[in-house]
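Residues per chain are reported as follows:
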Amino acid sequence: MVGYSAELFTGSSLGLLAHFIFKRYEPSVLQFVFTAALVGIAESVFFTIAQVAISTVAFLIVLSSSILYYRVLSTNHPLHHIPGPLAARASQLWLFWSLYRGHPRQIQKDMHERYGPVVRIGPNEVSIADAASLNVIYGGKPWLKGKSYSFTASGGAATHEVALSAIRDPKEHAFRRKIWDRAFSIASLKNYQPFITKRVEQLCEQLDRRCSAVSIDLYQWLSYLVFDVMTDLAWSGGGDAVLKGRDPDGAIASARYSLHIAGMTKVLPWLAKHLLGLPWIDSKTLEFRRFSSDMFVKRMNDKNNTDKESPKDVFYHLLSEGSEDGRQWSINALQADSRQVVTAGADTTVSAIAYLFFCLLRSPNHYKRLQKTIDTEFPHERPLEYDALAKLTLLDAYVNEALRLEPPIPFQNQRIVPESGYSINGISLPPGTHVRAALYAIARLPNEFSSPDEFRPERWLIGERVPNERFNAKASAPFILGPYHCVGRNFAMQEMRYTVASLVRRYNMRFADGFNIQEFEKRIEDRSVLEIEHPLEVIIERRQ
Ligand code: HEM
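Counting of residues starts from 1 at the beginning of each chain's written sequence and follows it residue by residue. Whole-chain, interface and lining totals are the exception, using all residues; otherwise, since this is a predicted model, local features are given only for residues with pLDDT of at least 70 and side-chain atom pairs are given and counted only at 80 or more. Side-chain measures were taken over the full set of non-hydrogen atoms in the model, leaving aside hydrogen atoms and water.

- Going by the annotation in an unreviewed UniProt entry, the name recorded for the protein chain is Cytochrome P450, with Rhizodiscina lignyota given as the source organism.
- Per UniProt, the protein chain has the following entry under Cofactor (unreviewed entry): "heme". UniProt positions are given in the numbering used here, feature names are shortened, and annotations may be inferred rather than shown by experiment.

Quick look at the structure:
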């Protein structure tokens with residue numbers, strides 16, 4: 001051993017030195033390997049190959065043990081005082097594993113029940129389960145978006161195609177967001193209603209043919225519906241999934257898979273671009289990229305065809321509105337943002353509607369009550385009107401309750417503690433700490449809602465709350481708050497109201513024989529957006 005002392009000493013010292021650098025700048029595996037290679041090359045000037053090998057091994061062992069010790073045990077670590085699982089303190093891989101398994105929202109909730117309102121879920125990341133903090137983090141002067149946003153959900157590194165949700169620079173975000181806000185103004189929302197009405201009518205025609213027959217997978221049909229609505233919204237024309245009764249060119253599955261992969265790799269952004277380059281992953285995200293590019297080109301051609309009046313879709317707003325300083329969007333940005341209408345709007349809305357139907361079918365009395373209310377409000381031939389539906393407090397109570405229990409984006413909301421730091425329940429979070437609000441856990445806190453795990457839409461109706469019932473509407477934030485809140489919120493609400501009211505009014509439904517409620521619940525997974533992995537098998541009957 002004495003014979004190796006020079007190379008062991010050199011390797012170990014360089015390992016410690018590298019740690020002091022990596023402590024400030026979290027390395028990727030590639031940087032880690034690159035540094036080791038650099039050290040090896042530098043040492044080869046003084047050492048033989050065997051000595052370099054020994055020194056490099058010493059370097060790697062000391063560097064990894066020192067990082068591990070610092071993250072897990074050292075009282076010098078700025079988040080040392082925050083409780084959490086040891087594996088999470090050690091590496092981001094713990095989060096990656098939670099996402100891979102598909103239940104990070106539930107793991108977050110379990111962790112909070114065990115450790116309290118602030119839990120360490122990564123080397124430099126904490127989760128917060130505290131309703132009052134929602135406004136501090138996301139509302140008012142919001143905290144900056146975290147590193148996980150350096151990667152877009154649409155299947156490309158953010159530097160190539162930045163969609164609105166991935167923009168971390170507040171000024172750039174505000175510039176692009178202004179145009180999105182116009183695209184979702186009250187006036188614009190009215191222009192979009194025919195998209196919903198037409199597709200729901202098509203869905204009803206399809207479902208009419210499947211009444212009382214074999215069971216249908218309601219989640220699948222709702223996916224077709226919402227995908228068509230979103231592609232109409234983005235580019236005034238889509239894949240006609242409802243009419244065809246199938247996923248057009250595999251685009252729905254491919255869009256879903258893109259979100260699935262993006263959700264997992266967002267916690268390890270450096271891994272994302274390497275993973276996406278893998279042929280079998282690339283081929284599974286290709287269909288949606290191809291589909292959306294075709295739609296984009298078609299819509300551009302329509303725009304350039306001066307004989308046609310430009311349809312008033314989101315694309316219309318993205319194209320025609322420049323900013324006051326005269327800046328125009330690049331083609332890449334235009335493509336990324338119009339595609340985001342589908343990636344942000346489809347799976348979120350479909351999971352919310354499907355989960356609401358699941359709750360209604362599990363409690364048939366609720367189904368009947370909603371049906372009766374809609375029958376009373378819209379007797380016989382009276383068409384469903386969007387404005388009247390928006391005033392139906394009972395309908396909103398049902399939608400809000402489903403969103404409370406299963407917020408469709410429960411986990412992907414990372415922010416950075418600002419320079420002023422933050423303190424919660426006497427626990428201080430230093431500037432630069434990455435945080436996520438545990439939306440799912442907060443909306444199920446027993447001090448915010450009585451019987452928090454129960455589907456009880458009445459809690460949203462002032463006249464129906466039981467005496468001393470705990471109810472804090474602000475603890476349920478499925479669309480987040482503040483300047484980065486969901487821009488499609490009002491559109492999603494009108495789509496959910498119209499779809500649910502139309503189907504409940506027209507059909508009686510029940511679970512198919514043998515439907516496994518527990519298994520269905522278990523298979524509601526989340527990585528980016530809720531993914532329902534179990535068919536929602538139902539039997540439908542046309543009402544007289
Ligand atoms: C029930 C349905 C929906 C829910 C629960 C939902 C939820 C959310 C949430 C929580 C965020 C913030 C995520 C973050 O902090 O990173 C968000 C952002 C966003 N949502 Fe939605 N969403 C829904 C439907 C829609 C629809 C229909 C659209 C239509 C285009 C849409 C477009 C967007 C966009 C573009 C953003 C990024 C906003 C920004 O960064 O300024 N969403 N949504």
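There is more to say, and it comes next.
1. Re the sheet that holds strand E4 (residues 216-217)
For step 1, the next point in the chain: Taken together, the three strands give an open sheet; going across it, the order is E4-E12-E9, and neighbouring strands pair in antiparallel fashion. Across the chains shown, the open sheet's two edge strands, defined by having one partner strand only, are E4 and strand E9 (507-511).
For step 2, the next point in the chain: Strands are labelled as partners when DSSP assigns at least two bridges between them. Here a helix means four or more residues in a row that DSSP labels H or I, a strand means two or more in a row labelled E, and each is numbered from the N terminus. Relative to strand E12 (residues 537-542), E4 runs antiparallel, the two sharing two bridges. Looking at the pairing, Asp217 lines up with Glu537 of E12.

2. A closer look at the site of the ligand
For step 1, the next point in the chain: Around the ligand there are 29 residues in total, and Tyr149, His173, Arg177, Arg415 and Cys486 lie nearest to it.
For step 2, the next point in the chain: We define a polar contact as two N or O atoms separated by no more than 3.5 Å, with the added condition that, inside protein, one atom must be a possible hydrogen donor and the other a possible acceptor, whereas residues neighbouring each other in sequence contribute only through side-chain atom pairs. In the model, an oxygen atom of the ligand is placed 3.4 Å from a nitrogen or oxygen of the Gln412 main chain.
For step 3, the next point in the chain: Those elements giving two or more residues to the shell around the ligand turn out to be helix H8 (170-183), helix H16 (331-362) and helix H21 (489-506).
For step 4, the next point in the chain: With six residues, the single largest contributor to the shell around the ligand is H16. Each residue is tested against the molecule or strand, and it is near if at least one of its non-hydrogen atoms lies within 4 Å.

3. Topic: the environment of Gly11
For step 1, the next point in the chain: In this fold, Gly11 is placed in helix H1 (residues 5-22).
For step 2, the next point in the chain: Overall, Gly11 belongs to the buried group, its relative accessible area being 0%.
For step 3, the next point in the chain: Between the C-alpha atoms of Gly11 and Val52, which are 41 residues apart in sequence, the distance is 8.6 Å.
For step 4, the next point in the chain: The residues contacting Gly11, other than those within four sequence positions of it, are Glu43, Ser55, Ala58 and Phe59. Partly exposed residues are those whose accessible area sits between 20% and 50% of the maximum for their type, while under 20% is buried and over 50% is exposed, using a 1.4 Å probe and protein chains only. Contacts between residues were defined by any pair of non-hydrogen atoms, one from each residue, lying within 4.5 Å.

4. Observations concerning the pattern of salt bridges
Where side chains of opposite charge bring their charged atoms close, a pairing between them can arise.
For step 1, the next point in the chain: Definition used for salt bridges: Asp or Glu carboxyl oxygen within 4 Å of a side-chain nitrogen of Lys or Arg. Tallying each qualifying case throughout the model produces 31 salt bridges.
For step 2, the next point in the chain: Here Asp208 and Arg506 are joined by a salt bridge, their closest N and O atoms 2.6 Å apart. Taken as a pair, Asp208 in helix H9 (residues 186-208) and Arg506 in helix H21 lie far apart in primary sequence, 298 residues in all.
For step 3, the next point in the chain: On the basis of relative accessibility, which here comes to 26%, the residue Asp208 falls in the partly exposed class.
For step 4, the next point in the chain: Sharing partners across several salt bridges, the network here consists of Arg199, Asp228, Asp232 and Asp240.

5. A few points about the side chain of Asp396
For step 1, the next point in the chain: Structurally, the position occupied by Asp396 is in helix H19 (residues 393-405).
For step 2, the next point in the chain: In this structure Asp396 comes out as buried when scored by relative accessible area, which is 16%.
For step 3, the next point in the chain: Among all residues touching Asp396, those that are not within four sequence positions of it are Ala390, Met493 and Arg497.

6. A closer look at the coordination of the iron atom of the ligand
For step 1, the next point in the chain: As a rule, N, O and S atoms within 2.8 Å of a metal are its donors, except that Na, K and Ca use 3.2 Å; water is not among the atoms, so sites may look incomplete. Donation to the iron atom of the ligand from the protein comes from one atom only, Cys486 (SG), at 2.3 Å.
For step 2, the next point in the chain: Among the structural elements, Cys486 can be located in the loop between helix H20 (439-442) and H21.

7. Observations concerning the side chain of Glu469
For step 1, the next point in the chain: Counting through the fold element by element, Glu469 comes out in the loop between H20 and H21.
For step 2, the next point in the chain: Polar contacts involving the side chain of Glu469 include one to the main-chain amide nitrogen of Val466, which spans 3.0 Å.
For step 3, the next point in the chain: Excluding anything up to four places from it in sequence, Glu469 contacts Ser450, Arg456 and Arg459.

8. Some points on the nonpolar core
For step 1, the next point in the chain: Ranked by size, the top nonpolar core spans 101 residues in total, and within it Phe184, Phe357 and Leu536 carry the most contacts.
For step 2, the next point in the chain: The element that contributes the greatest number of residues to this core is H16, accounting for 16 residues. By convention a nonpolar core is built from buried Ala, Val, Leu, Ile, Met, Phe, Trp, Tyr and Cys residues, the set being connected through side-chain atoms within 4.5 Å.

9. A short note on the pairing of E9
For step 1, the next point in the chain: Every second residue of E9 is oriented toward a common face, the buried set being Tyr507, Met509 and Phe511 and the non-buried set Asn508 and Arg510.
For step 2, the next point in the chain: Where E9 and E12 come together, five bridges link them in antiparallel fashion. By the bridge assignment, Phe511 is partnered in E12 with Val538.

10. Focus on the sheet that holds strand E8 (residues 434-437)
For step 1, the next point in the chain: Taken in spatial order, the five strands make up an open sheet running E1-E2-E8-E5-E3, and their pairing is mixed. One side of each edge strand has no neighbouring strand; the edge strands of this open sheet are strand E1 (118-122) and strand E3 (144-145).
For step 2, the next point in the chain: In terms of strand pairing, strand E2 (residues 125-128) meets E8 through four bridges, oriented parallel. Of the residues in E8, the one forming a bridge with Glu125 is His434.

11. Overview of the UniProt feature "binding site: heme" (unreviewed entry) in the protein chain
For step 1, the next point in the chain: Within this numbering scheme, the UniProt entry marks Cys486 as carrying the feature "binding site: heme" (unreviewed entry).
For step 2, the next point in the chain: Taking the relative accessible area as the measure of exposure, Cys486 reaches 31% and is therefore partly exposed.
For step 3, the next point in the chain: In contact with Cys486, other than residues within four places in its own chain, are Arg177 and Phe479.

12. Here's the deal with helix H17 (residues 364-377)
For step 1, the next point in the chain: For H17, with 14 residues, the first-to-last C-alpha span of 20 Å sits near the 20 Å given by 1.5 Å per residue.
For step 2, the next point in the chain: Taken together, the buried positions of H17 are occupied by His366, Tyr367, Leu370, Gln371 and Ile374. Around the axis of H17, the buried residues are gathered within 135 degrees of arc, so they sit on the same side. Turned more than 90 degrees off the buried face of H17, the exposed positions are Asn365, Lys368, Lys372 and Thr376.
For step 3, the next point in the chain: Elements that come into contact with the buried residues of H17 comprise H16, H19, H21 and E9. For a helix, the expected span equals 1.5 Å multiplied by the residue count minus one. The reported arc concerns the directions from the helix axis to the C-beta atoms and nothing else.

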